[in-house]
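# Chains, contacts and geometry: an overview
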Amino acid sequence: MVKMWEEICEQPAALKRCLETNREVINMLVEALDSHDISSVVIAARGTSDHAGIYGKYVIESTLGIPVALAAPSVVTVYGKSLKLKNSLVIGISQSGKAADVLEIIREGNKQGAITVAITNFNDSPLANEASYHLYTDAGLEKSVAATKTFTTQMYLLANLAAVWAKDADMQQQLSKVPDLVSKTLELSDVIKEKVQRYRYMNECFVLARGMNYSIAMETALKIQETCYIRARAYAVSDFHHGPFAMIDKDMPVILLAPEGPSLKDNEEMIHKLKDAGAELVIFSDKDEILELGTTSFRIPKAGSDLLSPFCNAVVAQMFACNLSLARGLNPDSPRGLNKVTITK
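Report follows, based on the coordinates. Predicted, not measured: the structure shown is a model, and the values here were computed from it.

### Section: the overall build of the protein
For the protein, the helix and strand inventory stands at 15 helices and 10 strands. In terms of overall size, the protein behaves like a compact globule, its C-alpha atoms giving a radius of gyration of 19 Å where 345 residues would be expected to give roughly 20 Å. Dimensions along the principal axes, computed over C-alpha positions, put the protein at roughly 55 × 40 × 40 Å. Across the 345 residues that make up the protein, the buried fraction comes to 58%. Taking all contacts inside the protein whose residues are at least 6 apart in sequence as the whole, residues at least 24 apart take part in 74%. Averaging the coordinates of the 36 positive side-chain charges in the protein and doing the same for the 41 negative ones gives two points 4 Å apart.

In structure tokens:
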């Protein structure tokens, strides 16, 4: 069994563990946030961690109404400029905690008197040591280059931080269901192994979603790119209606994340538009009428909200990419030209 698959299957336990590990730190962090006039949140990350940050942006903005910006680290590291971060919560996300450009944003936040938080999988990492608070994903060593359990634990910490900060007990209760939802999602493994064979000669595809699942569309495309060497592009459904739709022709594979929730109406409209254009639709959903519209469909567990469905979709995407890589005769653990830790500045 490849390491990527093993680590995908470790996620229910990792999610439970990471929350227990961080309850006290999250409560301490929220006490500090409550005593400051936080007017914005700035998140710095790269790659998969950036996608977790985008999920966090949607959750924090929709829960707390505080605007969240995704940092452009080159403003500091390349152009040598300072950022006004005094009244901000500054979050740096990195699996290894060694991302040099993310580290510079945390340092800039410290200089400006901001509250700084690191989310990493290593307690002794540079990022963990630099930030005022460290949320430890506690996912266990991740050996596969393709991040899986560190991604979902990063998302989980951001969502739980938002829930505690908002004093939203119902949201915290909803989030407690995530490990079990992920366990149920893993039951799709045999179905995915079978259905993925249809796409082993695919050279390109699009991945679409809207709202909180947009981050998962981006992560799905990245997983397919790095493990399968397929030209996968992610778009928000709302953007795809514009220029990108011109690239759709007959039999073009399009993966669409369309769970029940506020974004379903827009997703359904796009599905019909794609079908009329002759696209090959791969649909992740929990709604029968939507699943029936796909050329290939994967039924995710009923999540009940856009807060939770991204976790189910993320795991389906990971299993899809891992099995597609193997079907193409590749090793998803060691993508060509990539290393587990990539340091940019």
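### Some details on the sheet that holds strand β1 (residues 40-44)
Taking strand neighbours across the sheet as the criterion, the five strands line up as β2-β1-β3-β4-β5 in an open arrangement whose pairing is parallel. At either end of the open sheet lies a strand with only one pairing partner, and these are β2 (68-70) and β5 (133-136). On average, each strand axis in the sheet is inclined to that of its neighbour by 20°, with strand direction left out of account. Direction of pairing for β1 relative to strand β3 (residues 88-93): parallel, over a ladder of five bridges. By the bridge assignment, Val 41 is partnered in β3 with Leu 89. Docked against the sheet, helix α3 (residues 47-64) engages β1, β2 and β3, running at close to 165° with respect to β2. Against the sheet, helix α7 (residues 149-165) makes contact with β1, β3, β4 (115-120) and β5, and its axis sits at roughly 160° relative to β3, the strand it touches most.

### Focus on the state of the cysteines
As enumerated under the stated definition, the model contains zero disulfides in all. Cys 228 takes part in no disulfide bond, and the closest cysteine sulfur, belonging to Cys 322, lies 8.7 Å away.

### A few points about the pattern of salt bridges
Two side chains bearing opposite charge may form a pair once their charged atoms approach each other closely. Enumeration over the complete set of coordinates arrives at 17 salt bridges. Of the charged contacts in the structure, one is a salt bridge between Glu 61 and Lys 57, with a shortest N-O distance of 3.0 Å. A residue pair is termed a helical-turn pair when its members lie 3 or 4 positions apart in one helix, as Glu 61 and Lys 57 do in helix α3 at four residues. The class for Lys 57 is partly exposed, based on a relative accessible area of 23%.

### Overview of helix α11 (residues 214-228)
Here α11 contains 15 residues, and its C-alpha end-to-end distance of 21 Å stays within 8% of the 21 Å for a straight helix at 1.5 Å per residue. One or two residues past the end of α11 sits Tyr 229, with phi positive at roughly 60°.

### Examining the side chain of Asn 160
Looking at the secondary structure, you find Asn 160 in helix α7. Aside from chain neighbours lying at most four places away, what touches Asn 160 is Leu 19, Ile 26 and Leu 175.

### Concerning the nonpolar core
Core analysis: the biggest nonpolar cluster contains 85 residues, and Ile 91 and Phe 320 have the highest contact counts within it. For Ile 91, the residues in contact, after removing those within four places along its chain, are Val 41, Val 42, Ile 43, Ala 44, Ile 106, Val 117, Ile 119, Leu 158 and Leu 161. Core analysis: the second largest hydrophobic core is formed by 20 residues, Val 237, Met 252, Leu 264 and Ala 279 among them.

### A short note on the sheet that holds strand β8 (residues 253-257)
Pairing within the open sheet is parallel, and its five strands lie in the order β7-β6-β8-β9-β10. One side of each edge strand has no neighbouring strand; the edge strands of this open sheet are β7 (231-236) and β10 (296-299). With direction set aside, neighbouring strand axes in the sheet form an average angle of 15°. Where strand β6 (residues 204-209) meets β7, six bridges bridge the pair, whose relative direction is parallel. Following the sheet pairing, Leu 208 is matched in β7 by Tyr 235. This element, helix α13 (residues 264-276), spans β6, β8 and β9 (280-285) of the sheet and lies at about 165° to β8. Sheet contacts for helix α15 (residues 309-327): β8, β9 and β10; angle to β9, the most-contacted strand, approximately 135°.

### Points about α3
One turn of the α-helix equals 3.6 residues, which is why residues spaced by three or four share an orientation. For α3, which comprises 18 residues, the first-to-last C-alpha distance of 25 Å matches the rise-based estimate of 26 Å (1.5 Å per residue) to within 8%. Those residues of α3 that sit buried are Thr 48, Ser 49, His 51, Ala 52, Gly 53, Ile 54, Tyr 55, Gly 56, Val 59 and Ile 60. Remark: Gly 65 follows α3 within two positions and exhibits a positive phi of approximately 75°.

About the criteria used
- Residues numbered from 1 in each chain as written.
- Predicted model: local features only at pLDDT ≥ 70, side-chain atom pairs only at ≥ 80, totals over all residues.
- Heavy atoms only, no water.
- Helix = DSSP H or I, 4+ residues; strand = E, 2+ residues; numbered from the N terminus.
- Rg over C-alpha atoms; globule rule 2.2 N^0.38 Å.
- Buried < 20%, exposed > 50% of the residue type's maximum accessible area, 1.4 Å probe, protein only.
- Contact = heavy atoms within 4.5 Å.
- Lys, Arg positive; Asp, Glu negative; His and termini not counted.
- Charge placed at Lys NZ, Arg CZ, Asp CG, Glu CD.
- Pairing = 2+ DSSP bridges.
- Axes fitted to C-alpha atoms, helices over the stretch in contact; angles between N-to-C directions.
- Disulfide = S-S within 2.5 Å.
- Salt bridge = Lys/Arg side-chain N within 4 Å of Asp/Glu carboxyl O.
- Expected span 1.5 Å × (residues − 1).
- Core = buried A, V, L, I, M, F, W, Y, C linked by side-chain atoms within 4.5 Å.

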